Amino acid sequence: MSILINKETKVLVQGITGRDGAFHTSKMNDYGTNIVGGISPGKGGSDVGGIPVFDTVQEAVDATGANASVIFVPAPFAGDAILEASYAGVELVVCITEGVPVQDMMRAMPVLKQNGTKLIGANCPGLITPDECLIGILPGKIFKKGNTGLISRSGTLTYEVVNMLTTSGLGQSTCVGIGGDPVAGLYFIDLLEMYENDPETDAVVLIGEIGGDAEEQAAQYIKEKMTKPVVAFIAGQSAPPGKRMGHAGAIISSGSGTAEEKIKAFNEAGVLVAKEPGEIPGLVKEKLGI
Amino acid sequence: MKIHEYQARNLFRKYGIPVPDGVVCHSVEEVEKNVPNDEKLRVVKAQVHVGGRGKAGGVKLAKTKAEAVEKAGQILGMDIKGLTVEKVLVADAVDIEKEFYVGLINDRNTKSITLMASAEGGVEIEEVARVSPEKIIKMSIDPVMGLMDWQAREVALQLFDDPKQMRKAAAIFVKLYQLYKETDSSLAEINPLVLTPDKQVLAIDGKMNFDDNALYRQSEILSMREATEDEQKEIAANEKGLSYIKLDGNIGCMVNGAGLAMATMDMIKLYGGEPANFLDIGGSSNPQKVVDAMNILLSDSNVKAVMINIFGGITRCDDVARGLVAALKNIETEIPIVVRLSGTNAKEGLEIIREYGLPNVSTMKEAAQKAIELSQK
């Protein structure tokens, strides 16, 4: 078991003929991900390294039974690509594309809800269940199968932490990079709930950042619902307050968004918060009593 | 992207939101030329991208044209929180019976645009939000339906007792939403929205920010960009594929990835140093990017040491190291540089750095400590 993806997951690549799409398709394929097709409108019938290319997501789903899709199309078209995958009945959509306009993401949200589509991202590195399935741009090499779950708003910082976990003997069940955009798909609480219900996950590492109040909400959720231990790290503790936060930003979260507030919320929920990334593996072991 | 108050007022006008008359002037001469010679009460307001103008003396009343000229002379060239005032708005002052706050924002939690309004308008709105959040009315807007008239009325009804005024305000909310939606705004505020003694509803001050990701389809908005010196640096960095924010410390940082860049700054601070900037070079190991990034870092005269922190994922550390060495050969500097490479092919990368003769370390913590030590020499 794991969350969201496993060796049965059948993956489509939207934007497979683009530079990034083609490169990461071959990386995912090498890792062992079951890539069943790609989409590139107008190039249906061709193939990329033996992977069949379709004109539309619906055609690809009908032909392959795919249940997941990863998006590499350029930002102006990414919102539409998410919608296309959702209307084609793809269950899990992972949008790697960076720079998607916020309103395009907002417009997609009611449709995703209506169709029951799970979205990761946009602007995220993707997710991985080690030794089974990698969707996105994560460096597969640093991951190791195990029982620690990981959720992160960041990319390379995630790799840094995963590398530390792996080298200290803590393998991972599933790691999910949820992305750093203000409006994104699945978030901390959605994933914490999945980890709580996953028999293969013993502990969860949560890597947050300043801004918004998703970490505070996660802390509240952990306090009320989680039985499994959670260890957190918040990036941006040294960022000057107020940077890039207008009146309305401060208002909507009632003045929250700073690292101090997030750390305080976690402490109150019994979550151990690492002062620096290097402390994370030790804290996980402490919580697990190993 | 931010715009000035006078630019927000122009957009309000275009969308039918009533604002008092006013002119924007770049010099005292322009005030002489453009302000009518009468006894109307006017307000002279500094146009800078920063809050708290009033408290800093950047907003003054003028009873006559001569006074408007005089006050403009005092405000133009003034320094407000490190920004020089280059323009003033000279606008008709209005009598105020009551002040309100109206704002639209991209709400992370509801994943939609949210309309906010409060009967407690004016400069202390942040304080109101902090102390009594219940005084802020919030209405979440369906991205497909938009702000519906009944929603606008439902909010306006809580602010105005008189039906005529209520309808005027509701119409303004709907217009502000149209403006917000059509321009890919990320923040639009009218603060204050006022009720005058003759029962007009007017937008007195406006603030708008825009989604940088959507500027490619907002050419009119983009043409309004008037960046400050620091912002120009940030924009220039962006155009080179770098994300840069200047800070006040003396340790320059170059990192791949935003989260790792923040964690690097945190680490420097944790061990007693002060980061000079946030700089994310993104995923590429292109030597040109490293050269550009180094040039930006070294253009900050506060920088006494540079810490380069790279975690190779898909990017290979030996590629990055070669890029770094190529870059450093083209840059003459006395500033000490500490390099930390980890992840894919880190060993090979560090070997290249060692041969070039730079101090190199294997963990973030060591790199931060070393950079701090070198910055204090």
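Residues numbered from 1 in each chain as written. Chains lettered and ligands numbered in written order. Predicted model: local features only at pLDDT ≥ 70, side-chain atom pairs only at ≥ 80, totals over all residues. Heavy atoms only, no water.

Naming follows an unreviewed UniProt entry, where chain B appears as Succinate--CoA ligase [ADP-forming] subunit beta of Mariniphaga sediminis. Quoted verbatim from the Pathway (unreviewed entry) field of UniProt, the annotation for chain B is "Carbohydrate metabolism; tricarboxylic acid cycle; succinate from succinyl-CoA (ligase route): step 1/1." (UniProt positions renumbered as here; feature names shortened; annotations may be inferred.)

An unreviewed UniProt entry lists chain A under the name Succinate--CoA ligase [ADP-forming] subunit alpha, with Mariniphaga sediminis given as the organism. The Sequence similarities (unreviewed entry) field of the UniProt record for chain A holds the comment "Belongs to the succinate/malate CoA ligase alpha subunit family." Looking at chain A in UniProt, the text filed under Subunit (unreviewed entry) is "Heterotetramer of two alpha and two beta subunits."

### Concerning the overall build of chain B
Each helix and strand counted, chain B has 13 helices and 18 strands in total. If you line up chain B on its principal axes, its C-alpha atoms span 80 × 50 × 40 Å. The 377 residues of chain B split such that 54% are buried. The contacts in chain B between residues at least 6 apart in sequence include a share of 66% that link residues at least 24 apart. Split by element, the accessible area of chain B, about 16,500 Å² in all, is 49% carbon and sulfur. When the 47 positive and 55 negative side-chain charges of chain B are each reduced to one mean point, those points stand 2 Å apart. (Helix = DSSP H or I, 4+ residues; strand = E, 2+ residues; numbered from the N terminus. Buried < 20%, exposed > 50% of the residue type's maximum accessible area, 1.4 Å probe, protein only. Contact = heavy atoms within 4.5 Å. Areas by Shrake-Rupley, 256 points an atom, 1.4 Å probe, with all protein chains shown as cover. Lys, Arg positive; Asp, Glu negative; His and termini not counted. Charge placed at Lys NZ, Arg CZ, Asp CG, Glu CD.)

### Focus: unusual backbone geometry
Here the bond from G121(A) into A122(A) is cis, since omega is 15°, no more than 30 degrees from zero. Tracing the backbone shows A122(A) in the loop between β7 (118-121) and β8 (126-129). Following N191(B), the chain continues to P192(B) via a peptide bond in cis, the omega torsion being 10°. Positionally, P192(B) belongs in strand β10 (residues 185-195). The residue N123(A) is not glycine, and still its phi comes out positive at about 60°. Within the fold, N123(A) resides in the loop between β7 and β8. A positive phi angle, close to 70°, is found at D131(A), a residue other than glycine. Among the secondary structure elements, D131(A) is positioned in the loop between β8 and β9 (133-136).

### Regarding the UniProt feature "binding site: ATP" (unreviewed entry) in chain B
Residue and element names in this part refer to chain B. Cross-referencing UniProt, the feature "binding site: ATP" (unreviewed entry) maps to K45, G52, R53, G54, V94 and E99 in the present numbering. Tracing the sequence through the fold places G52 in the loop between β2 (42-46) and β3 (59-62). Ignoring any residue separated from it by four or fewer positions in sequence, one finds E99 in contact with A119, G121, G122, P192, L193 and V194.

### Remarks on the pairing of strand β11 (residues 172-177) of chain A
Along any regular strand, the residues point their side chains to alternate faces of the sheet. Residue and element names in this part refer to chain A. Counting buried residues along β11, six of its six residues qualify, which places the element largely inside the surrounding structure. Sheet topology places β8 next to β11; three bridges connect them, and they run antiparallel. Following the sheet pairing, G126 is matched in β11 by G177. Both strand β10 (residues 145-152) and β11 contribute to a ladder of five bridges, which runs parallel. Its bridge partner being in β11, K145 is matched across the sheet by Q172. Taken together, β10, helix α5 (residues 156-167) and β11 form a β-α-β motif whose crossover is right-handed. (Pairing = 2+ DSSP bridges. Right-handed = clockwise from strand over helix to strand, strands pointing away.)

### Side note on the UniProt feature "binding site: substrate" (unreviewed entry) in chain A
Under the feature "binding site: substrate" (unreviewed entry), the UniProt entry names Y159(A). The exposure class of Y159(A) is buried, given its relative accessible area of 6%. Apart from residues no more than four positions distant in its own chain, Y159(A) is found in contact with P125(A), I137(A), L138(A), P139(A), I142(A), F311(B) and G313(B).

### Description of helix α8 (residues 229-239) of chain B
An α-helical turn contains 3.6 residues, so any two residues separated by three or four positions project in the same direction. Residue and element names in this part refer to chain B. Taken as a whole, α8 has its buried residues at E234, I235 and A237. End-on view of α8: buried residues confined to an arc of 160°, all on one side of the axis. With respect to the buried face of α8, the exposed residues turned more than 90 degrees away are E229 and E239. Residues of α8 that are buried make contact with β13 (243-246) and α10 (287-298). The first or second residue beyond α8 is G241, which carries a positive phi of 80°. (Arc of directions from axis to C-beta.)

### Some remarks on the packing of aromatic side chains
As enumerated under the stated definition, the model contains three aromatic pairs over all chains in all. For the pair Y159(A) and F311(B), a centre-to-centre distance of 6.5 Å together with 55° between the ring planes defines the contact as tilted. Taken together, the residues Y159(A) in helix α5 and F311(B) in strand β16 (residues 305-312) connect one chain to another. Here Y159(A) matches F311(B) in class, with each residue buried. A ring pair is formed by F100(B) and F160(B), whose centres lie 4.5 Å apart and whose planes are at 35°; its orientation type is tilted. Taken as a pair, F100(B) in strand β7 (residues 98-107) and F160(B) in the loop between α5 (149-157) and α6 (163-182) lie far apart in primary sequence, 60 residues in all. (Phe/Tyr/Trp six-rings, centres within 6.5 Å; stacked < 30°, edge-to-face > 60°.)

### So, the pattern of salt bridges
According to the stated counting rule, one finds 27 salt bridges over all chains in the structure shown. One salt bridge connects E67(B) with K71(B), and the closest N-O pair in it is separated by 3.9 Å. With E67(B) and K71(B) both in helix α3 (residues 65-75) and four residues apart, the pair spans about one turn of that helix. E97(B) is paired through a salt bridge with K199(B); the nearest N and O atoms lie 2.8 Å apart. Remark: K199(B) occurs in the loop between β10 and β11 (201-203) and E97(B) occurs in the loop between β6 (88-92) and β7; sequence separation between them is 102 residues. Accessibility expressed as a relative area gives 42% for E97(B), which makes it partly exposed. Because the salt bridges share partners, they merge into one network encompassing R153(A), E215(A), E216(A) and K262(A). (Salt bridge = Lys/Arg side-chain N within 4 Å of Asp/Glu carboxyl O.)

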